[in-house]
Amino acid sequence: MLGKCIKNEIVNRYKPLLLAYIVQLVYSPIYHMLAQIQPHITNNYIGMLVILLRIMWVFINLGVLGVVFIYPLVDFRNRMFKDQGYLTNTLPVKTSTLMISRAITDILTYISAAIVIPFASCIAAMDFSIYRDVAHYISDFTDSFGMRVSPATIITFIILIGVVILASTMISQWMFNAAYAFGHSFSNNKRAMSVVGMILIYLIFQVIGVIFIYILSETGIASEVVFNGLDNNIKAANNFLAIISVFEVISSIGCIALTGWIVKNKLNLE
Amino acid sequence: MSNLVEISQVEKEYGRKKQVFTNLNLSLESGKIIGLLGPNGSGKTTLIKMLAGLLKQDAGEITINGQKVGPDTKAVVSYLPERTYFNESLKIKNLVNMFKDFYADFDEARAYHMMELLKIEPEMVFKKLSKGNKEKVQLIMVMSRRAKLYLLDEPIAGVDPAARDYILQTIITNYDTQGSILISTHLISDIENILDDVIFVKEGNIVCHQNADTLRNEKGQSVDEIFREVFRC
């Protein structure tokens, strides 16, 4: 059933994302062309038009970011709590499966954005050297420590950074989902209760985060890395990132589970 | 016939001010077309939503086919709400594929055949259909399942008389006779001829649950006339 749910999620959500990516990728060479011709334009009106067309690139990028980060929230609301919720919530599927399929689709969305957005930027600049220069940059960075760090260590570092960023994004996304679900479990004042839910959930996770940092510092892991190791020992940084990434992943799973529990036990589609 | 649905001591309220059901008890048999009749606000839709799993009762128990309401009962319950509940940006074929994926009892060929009779193509986008055709497509999808319980919430409200005849004909000719249909409506005269049993709901209470023919013979009136007497303002 999980596979079918993921397929259903993708079918329902892919069109705006695909459209946004296509617009961005099609416009990126146009932007580059505009940047090339702008210095040679003498007519003020045409020059103004070219500037406006170049500014449109900013709005296209903002639009893509909106589709990547805001559309999933809107889709969650529409397909769980608006008219489409009458279909979603009567499917013969466990609530946990629905939530997991949404979370997996969110992850796929973020990964696709991490691939497409930088690539479109490279097309707009007609400069793909970053893909080649990243390796040189990392090599110079490690040489500055006076020692060669193994490629495995560097790759681990990059992967852990990616996991932390991805998990943090998932936490933000699913805190909103949980808050919205909380608000809609009430018969009245749904929006107000959604705001209350957001505040409560945010505070809870802040408290958990503070406790986590306290435990880290008491065990000496954080102090060793932050004060002594982070600058000079990339392996110690990897250890720290590993702990952080585990915490972030568990927190994101907690947000997803909280949302699922509220939907399963407090669904109130009036 | 065994009881398909058992509702026992169910209570439901919306907030503190609106008590919908207090100690509701109801049993529905298999193989029957049952009319859930009552004025607006009597609790018909709330009852149907609890059976469909969209609302949880505050107290009591609801079982369908011997199981509590959940994914297993949703697999044997086919629900048609009184609103458009499909993603309107999808094509008809996407919707059919989704029903085929999730419901083992869905008859794809029957669904496409009925849509073909309405000249609805699989490549059409749902949004582009007329309001009447949207409602018909939703009904076709629901009635193309071999479900044990069909829950139809106001299926003929807001449609023209010709469409009503089509909807009623579709219901009669396509439902699985081993199952039951629970139709909620307040347009009784259009629907009473197809009903086996009737349930009158008044302010959250079951005031009548009887075989339709027996009721008509006892009172010497149509169900519509009896309804007007019972719910006279």
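Coordinates for the structure precede this section.
The following refers to the structure shown. Since the structure is predicted, the reported quantities are computational estimates derived from the model, not experimental observations.

## Comments concerning the overall build of chain B
Looking only at helices and strands, chain B has nine helices and 10 strands in total. Taking 2.2 N^0.38 as the reference for a compact globule, 233 residues should give roughly 17 Å; the C-alpha atoms of chain B span a radius of gyration of 18 Å, in line with that estimate. Summarising its shape, the C-alpha atoms of chain B cover approximately 50 × 35 × 35 Å along the three principal directions. Sorting the 233 residues of chain B into buried and exposed places 52% on the buried side. The long-range share in chain B, meaning contacts at least 24 apart out of those at least 6 apart in sequence, stands at 70%. When the accessible surface of chain B is totalled, it reaches about 10,400 Å², and 44% of it is carbon and sulfur.

## Thoughts on unusual backbone geometry
All names here are of chain B. The phi dihedral of Glu154 is positive, around 50°, even though this residue is not glycine. Inspection of the secondary structure assignment puts Glu154 in the loop between strand 7 (149-153) and helix 6 (161-174). We classify Glu154 as buried; its relative accessible area is 13%. The residue Glu203 is not glycine, and still its phi comes out positive at about 50°. As for its placement among the helices and strands, Glu203 is situated in the loop between strand 9 (197-202) and strand 10 (205-211).

## Section: a nonpolar patch on the surface
Residues and elements named next belong to chain A. Judged by side-chain polarity, Met48, Ile51, Leu52, Ile55, Val58, Phe59, Leu62, Leu65, Phe69, Ile70 and Val74 come together as a nonpolar surface patch covering roughly 980 Å² of accessible area. With nine residues, helix 2 (residues 44-69) is the largest single contributor of residues to the nonpolar patch. Locating Leu65 in the fold gives a position in helix 2.

## Concerning the interface of chain A and chain B
Often, the extent of an interface is quoted as the loss of accessible area on bringing the components together. On the side of chain B, 27 residues touch chain A, which itself brings 26 residues to the contact. Carbon and sulfur atoms make up 60% of the area that chain A and chain B hide from each other, which totals about 2,500 Å². Per-residue buried area on chain A facing chain B is highest for Tyr86, Leu87 and Pro92 of chain A; these three make up 25% of the total on that side. One can count two salt bridges joining chain A with chain B.

## Quick notes on the sheet that holds strand 2 (residues 18-29) of chain B
Residue and element names in this part refer to chain B. Spatially, the four strands line up as an open sheet ordered 2-1-4-5, and their pairing is antiparallel. If you trace the sheet from one side to the other, it starts and ends with strand 2 and strand 5 (67-68), each paired once. For strand 1 (residues 3-14) and strand 2, the ladder comprises eight bridges, and the chain directions are antiparallel. Paired with Val5 across the strands is Leu28, a residue of strand 2.

## Let's talk about the layout of surface pockets
Roughly 590 Å³ of internal volume is contained in the largest pocket. Along the wall of the largest pocket there are 31 residues; nearest its centre are Thr95 and Lys264 of chain A together with Lys56, Val69 and Gly70 of chain B.

## What about the sheet that holds strand 7 of chain B?
Residue and element names in this part refer to chain B. The six strands lie next to each other as 6-7-8-3-9-10, forming an open sheet whose pairing is mixed. Only two strands of the sheet have a single neighbouring strand rather than two, namely strand 6 (77-80) and strand 10. Neighbouring strand axes in the sheet, compared pairwise and without regard to direction, differ in orientation by 15° on average. Across the sheet, helix 1 (residues 44-52) touches strand 3 (33-37), strand 6, strand 7 and strand 8 (180-185), and the angle it forms with strand 7 is around 145°. Each of strand 6, strand 7 and strand 8 is contacted by helix 5 (residues 131-143), which is oriented at about 170° to strand 6, the strand it contacts most.

## Overview of the pattern of salt bridges
Residues and elements named next belong to chain A. All told, the structure shown has 24 salt bridges over all chains when counted by the stated rule. In this structure, Glu9 engages Arg13 in a salt bridge whose closest nitrogen and oxygen atoms are separated by 3.2 Å. Taken together, the positions of Glu9 and Arg13, both in helix 1 (residues 2-37) and four residues apart, correspond to about one turn of that helix. Across this residue pair, the class does not change: Glu9 and Arg13 are buried.

## A short note on the pairing of strand 4 (residues 59-64) of chain B
Where a strand is regular, its side chains alternate between the two sheet faces. Residues and elements named next belong to chain B. In the sheet, strand 1 pairs with strand 4 via five bridges, with the strands oriented antiparallel. Residue pairing for strand 4: Ser8 is matched across the bridge by Glu61. As defined by bridge partners, strand 4 adjoins strand 5 across two bridges and the pair is classed as antiparallel. Looking at strand 5, one finds that Ile64 is bridged to Gln67. Here strand 4 hands over to strand 5 after two residues, with Asn65 in that stretch at a positive phi of 55°.

What counts as what
- Residues numbered from 1 in each chain as written.
- Chains lettered and ligands numbered in written order.
- Predicted model: local features only at pLDDT ≥ 70, side-chain atom pairs only at ≥ 80, totals over all residues.
- Heavy atoms only, no water.
- Helix = DSSP H or I, 4+ residues; strand = E, 2+ residues; numbered from the N terminus.
- Rg over C-alpha atoms; globule rule 2.2 N^0.38 Å.
- Buried < 20%, exposed > 50% of the residue type's maximum accessible area, 1.4 Å probe, protein only.
- Contact = heavy atoms within 4.5 Å.
- Areas by Shrake-Rupley, 256 points an atom, 1.4 Å probe, with all protein chains shown as cover.
- Patch = residues over 30% accessible without salt bridge, like charges linked within 9 Å, V, L, I, M, F, W, Y side chains within 5 Å.
- Salt bridge = Lys/Arg side-chain N within 4 Å of Asp/Glu carboxyl O.
- Buried area = accessible area lost by both parts, 1.4 Å probe.
- Pairing = 2+ DSSP bridges.
- 1 Å grid on protein atoms, 1.4 Å probe; cavity = no way out; pocket = protein on both sides within 12 Å on 5 of 7 lines; lining within 4 Å.
- Points joined across faces, edges and corners; volume = space filled by probe spheres on them.
- Axes fitted to C-alpha atoms, helices over the stretch in contact; angles between N-to-C directions.

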